[in-house]
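The primary structure of each chain is shown beneath.
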Amino acid sequence: AMITSKLFLNVRREMRDPREARKTLRYGIAAFTCVYVVVVFLSGPEPPRFLLDAVHHGTDGRIAAGLLFAHVAVSYAINQNVLARTLERYLGHALSRRGWALMTAALTLSSLLIAVLVPVFSDLVSIIGALTSGPLGFAMPALLFDLATRDSDVKRRRKGVVSLVLFTVVLTIAGTTG
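With that settled, consider the overall build of the chain. Across its full length, the chain carries six helices and zero strands. The N-to-C order of helical and strand elements in the chain reads α-α-α-α-α-α. Counting every position in the chain, which comprises 178 residues, the buried fraction comes to 14%. Put simply, 50% of the contacts in the chain that link residues at least 6 apart link residues at least 24 apart. By element, 68% of the accessible surface of the chain is carried by carbon and sulfur atoms, the whole surface being about 13,900 Å².

Okay, the packing of helix H5 (residues 121-148) against helix H6 (residues 158-177) next. Here H5 crosses H6 at 175°, and the two axes come no closer than 8 Å. Our classification of the angle between H5 and H6 gives roughly antiparallel. Between H5 and H6, the residues in contact are Ile127, Ala130, Leu131, Gly134, Pro135, Phe138, Ala139, Ala142, Leu143, Phe145 and Asp146 and Arg158, Val161, Leu164, Val165, Thr168, Leu171, Thr172, Gly175 and Thr176, respectively. Class assignment for the residues of the contact of H5 with H6 results in 13 nonpolar, five polar and two charged.

Per-residue confidence for the chain averages 78 on the pLDDT scale, and 88% of its residues sit at or above 70. The least confident element of the chain is helix H1 (residues 8-14), whose mean pLDDT is 68; the most confident is helix H4 (residues 97-117), at 87.

At 3.6 residues per turn, the α-helix brings residues three or four places apart onto the same side. The terminal C-alpha atoms of H6 lie 29 Å apart, and with 20 residues this matches the ideal 28 Å at 1.5 Å per residue to within 8%. If you check which residues of H6 are buried, you get Val161, Thr168 and Thr172. Within H6, the buried residues cover an arc of 30° as seen down the axis, which keeps them to one side. Exposed residues pointing more than 90 degrees away from the buried face of H6 are listed as Lys159, Leu166, Val170 and Thr177.

Below, the discussion takes up the environment of Val169. Along the chain, the position of Val169 falls in helix H6. Of the residues examined, Val169 reaches a relative accessible area of 43% and is grouped as partly exposed. Note: C-alpha distance between Val169 and Phe138 (31 residues apart in sequence) is 9.9 Å.

Turning our attention to helix H2 (residues 21-43). The end-to-end C-alpha distance of H2 is 32 Å, a good match for the 33 Å that 23 residues give at a rise of 1.5 Å each. Downstream of H2 by one or two residues, Gly44 has phi in the positive range, about 80°.

Calculation rules
Residues numbered from 1 in each chain as written. Predicted model: local features only at pLDDT ≥ 70, side-chain atom pairs only at ≥ 80, totals over all residues. Heavy atoms only, no water. Helix = DSSP H or I, 4+ residues; strand = E, 2+ residues; numbered from the N terminus. Buried < 20%, exposed > 50% of the residue type's maximum accessible area, 1.4 Å probe, protein only. Contact = heavy atoms within 4.5 Å. Areas by Shrake-Rupley, 256 points an atom, 1.4 Å probe, with all protein chains shown as cover. Axes fitted to C-alpha atoms, helices over the stretch in contact; angles between N-to-C directions. Parallel < 35°, antiparallel > 145°, perpendicular 65-115°, else oblique. Nonpolar A, V, L, I, M, F, W, Y, C, P; charged D, E, K, R; others polar. pLDDT = per-residue confidence, 0-100. Expected span 1.5 Å × (residues − 1). Arc of directions from axis to C-beta.

Quick look at the structure:
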C-alpha cells in the first residue's frame, strides 16, 4: 500500500478534477503510514508470520478476516482496473460495457487460476514483491525525475534522489533477507 505512487498517474486520469490528485495521494499515503505505524507498535516485538494468527479466534477473528478480505478485494479491484485500462489503451479503442466486463472477468479468472495452480505461488509473490516493490516504487520514479530535470535548475534535489535510491537498496535487501 505504501507503493501507492505507482498508481498515481492512473488515479489522476480517472479523477473528475485531476488537480486534486496530488492532495489525494498525499492524504492517502499519510493515512496508510499512520495505520502501519499503529499496527507495528501493536504487533509487539515478535509478531506472527501470518497476520490473522495475531487475532484471537471467535468474533474478533471473523471480523478481522472479513476486513482483510475487503482490503484484498478493493486492492485487487484497483490494480486490476489499472491493468484493464492499460490493455484497453493497447487495443487502441474504448471497450463497450460488455467488452469491459468480459476483459475484467478474463483477468480475474486468469489471476485465480495462477494463484490456485502454481504450487509455490505465495513464495513466488513474496520474492517478486521484495525484489520489485522498492525499485519500482521509489528508485525508478526518483531516477526518472532526475533524468527529466537534468537540464533544469533543480540540482539541489539530486542529493534526495541519490538518498532515495540508496534507501531502495536497503529496502530491497531487507525485504529479500527478512
